[in-house]
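Coordinate analysis (summary)
For reference, the chains in residue letters:
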Amino acid sequence: MTKEPVAVVGIGQTKHTAARRDVSIAGLVREAAVRALEDAQLTWSDIDAVVIGKAPDFFEGVMMPELYLADALGAVGKPMLRVHTAGSVGGSTALVAAGLVAARVHRTVLTLAFEKQSESNAMWGLSLPIPFQQPLLAGAGGFFAPHVRAYMRRTGAPPGIGALVAYKDRRNALRNPYAHLHEHDLTLDQVRSSPMLWDPIRYSETCPSSDGACAMVLTDRAGADRAPYPPAWMHGGAMRSEPTLFAGKDFVSPRAGRDCAADVYRQAGITDPRREIDAVEMYVPFSWYEPMWLENLGFADEGAGWKLTESGVTELDGELPVNPSGGVLSTNPIGASGMLRFAEAALQVRGRAGEHQVDGARKALGHAYGGGSQFFSMWVVADTSPAG
């Protein structure tokens, strides 16, 4: 039996800020879910199941919050699944929901991811001593900075590439009303001169700490036929993982990321991602990861990712726009950050991305990673069904 085609017919997200003290966690997730239902012109009764995801529970200090969120998400008496794959969880959550539709287990699924970081301290949460594990040294930046330095050493990338990425994404965020950071007066010189946090990562080259949620309504072909707006069709999706540490691990270009991208491209029939994909929503929490992932995902040859950034290829009006929404560098509710990449990719091919719409976008990639560059999830969406 062939798989059921999966369509994204509703997308909703909250306004992302440092602290949403006006709502509880339940109020935050419901805000995104209601907007997704409104976009799809559906009601709670049209939803067959809910798939929810978030990053580690100690980010808020509320263990297994999904157990009390059923009321807020219209899931009383319905199947509700929780997904957790560290920072990639938003993407993984969407893929689990898509799998339920593709397997014809459910016809219409609400999927949602969130984080309310203001209720805890992610820096502290990511610095816990764990037996037999490499210490994170004051947050994720302390873990990833040596990998960035290794990339620079391996490729000969000049030191200013990270600033170019950060400046681009923060300017793109000004076009996105939901983005957390709207730095209207930011200049490239200010990015370059911002304080050094973890050499070579500067303050303005890092992601913020955000409260926010993102939701999508996924449905089958019959549901897509009834949708009020053009859907985004899933052409391929995959997850891969590898250990945090093992002999021979390539922290600059992890094997799991390469394998995940190759699988998604195979499913979508893509042989030249640089030419066939019109927009990329890439998980870039530290600016240097744009050129690193350009290589890992097959958009550039090894050692050439930084050249695409430097030459303007990844600008909003470039040949391969990367993070037209502003990306993780501008909005980072960790549990939802991956789903935001998936949802923003879907908005592009639906032609509903507003001021950050990429002209003529028909096929887009959503990408998420998490942990110590060990969990990866990706999908390719397009404006036509896989059979069409």
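We now turn to the structure provided with this report. Computed from a predicted model, the values in this text were never measured in an experiment.

**Quick notes on the overall build of the protein chain**
From N to C terminus, the protein chain includes 12 helices and 11 strands. Whereas a compact globule of 388 residues would reach a radius of gyration of roughly 21 Å, the protein chain reaches 19 Å, a difference of no more than 12%. Among the 388 residues that make up the protein chain, the fraction classed as buried is 61%. Sequence separation of at least 24 residues holds for 77% of the intrachain contacts in the protein chain that already meet a minimum separation of 6. Put simply, the protein chain shows about 14,800 Å² of open surface, and 54% of that area lies on carbon and sulfur atoms.

**Notes on empty space enclosed by the protein**
Enumeration according to the criterion identifies 1 cavity of 30 Å³ or more in this entry. Of the voids in this model, the largest cavity is the one considered here, and its volume is about 60 Å³. Taken together, Gln-13, His-16, Asn-176, Tyr-178, Ala-179, Ser-325, Gly-326, Gly-327, Thr-331, Leu-340, Arg-341 and Glu-344 form the lining of the largest cavity. Considering each element in turn, the lining of the largest cavity owes the most residues, 3 residues, to helix H12 (residues 334-350). For the lining of the largest cavity, a count of residues per class yields 3 nonpolar, 7 polar and 2 charged.

**Things to note about the pairing of strand S7 (residues 211-219)**
Of all 9 residues in S7, 9 are buried; the element is thus mostly enclosed. Taking every second residue as pointing to the same face, both faces of S7 are buried, with Asp-211, Ala-213, Ala-215, Val-217 and Thr-219 on one and Gly-212, Cys-214, Met-216 and Leu-218 on the other. When strand S1 (residues 7-13) meets S7, the two strands line up antiparallel, connected through 6 bridges. Within S7, the position partnered with Val-8 by the bridge is Leu-218. In this structure, strand S4 (residues 108-116) lies alongside S7, joined through 9 bridges in antiparallel fashion. Residue Thr-108 lies in a different strand from S7, and its bridge partner there is Thr-219.

**Thoughts on a nonpolar patch on the surface**
The grouping of Phe-58, Met-63, Met-64 and Leu-67 at the surface amounts to a nonpolar patch, some 420 Å² of accessible area in total. Structurally, the position occupied by Phe-58 is in the loop between strand S2 (49-54) and strand S3 (80-83).

**Some remarks on the nonpolar core**
Counting 57 residues, the largest nonpolar core has Tyr-289, Leu-297, Phe-299 and Leu-365 as the members making the most contacts within it. Counting only elements with at least two residues in this core, the list comes to helix H4 (140-155), helix H5 (161-173), helix H6 (188-193), helix H8 (255-268), helix H10 (289-296), helix H11 (305-310), strand S10 (363-370) and strand S11 (375-382). Once residues within four sequence positions are removed from consideration, Tyr-289 is found in contact with Phe-144, His-147, Val-148, Met-282, Val-284, Tyr-369 and Ser-373.

**Some points on the packing of H4 against H10**
The geometry of H4 relative to H10 is characterised by a closest axis approach of 10 Å and an angle of 65° between their N-to-C directions. Here H10 runs roughly perpendicular to H4, going by the angle between their axes. In this structure, H4 crosses over H10, and the sense of that crossing is left-handed. Where H4 approaches H10, its residues Phe-144, His-147, Val-148, Tyr-151 and Thr-155 are matched on the opposing element by Tyr-289, Pro-291, Met-292 and Glu-295. When its residues are assigned to classes, the contact of H4 with H10 shows 6 nonpolar, 2 polar and 1 charged.

Calculation notes
Residues numbered from 1 in each chain as written. Predicted model: local features only at pLDDT ≥ 70, side-chain atom pairs only at ≥ 80, totals over all residues. Heavy atoms only, no water. Helix = DSSP H or I, 4+ residues; strand = E, 2+ residues; numbered from the N terminus. Rg over C-alpha atoms; globule rule 2.2 N^0.38 Å. Buried < 20%, exposed > 50% of the residue type's maximum accessible area, 1.4 Å probe, protein only. Contact = heavy atoms within 4.5 Å. Areas by Shrake-Rupley, 256 points an atom, 1.4 Å probe, with all protein chains shown as cover. 1 Å grid on protein atoms, 1.4 Å probe; cavity = no way out; pocket = protein on both sides within 12 Å on 5 of 7 lines; lining within 4 Å. Points joined across faces, edges and corners; volume = space filled by probe spheres on them. Nonpolar A, V, L, I, M, F, W, Y, C, P; charged D, E, K, R; others polar. Pairing = 2+ DSSP bridges. Patch = residues over 30% accessible without salt bridge, like charges linked within 9 Å, V, L, I, M, F, W, Y side chains within 5 Å. Salt bridge = Lys/Arg side-chain N within 4 Å of Asp/Glu carboxyl O. Core = buried A, V, L, I, M, F, W, Y, C linked by side-chain atoms within 4.5 Å. Axes fitted to C-alpha atoms, helices over the stretch in contact; angles between N-to-C directions. Parallel < 35°, antiparallel > 145°, perpendicular 65-115°, else oblique. Left-handed = near helix turned anticlockwise from the far one by under 90°.

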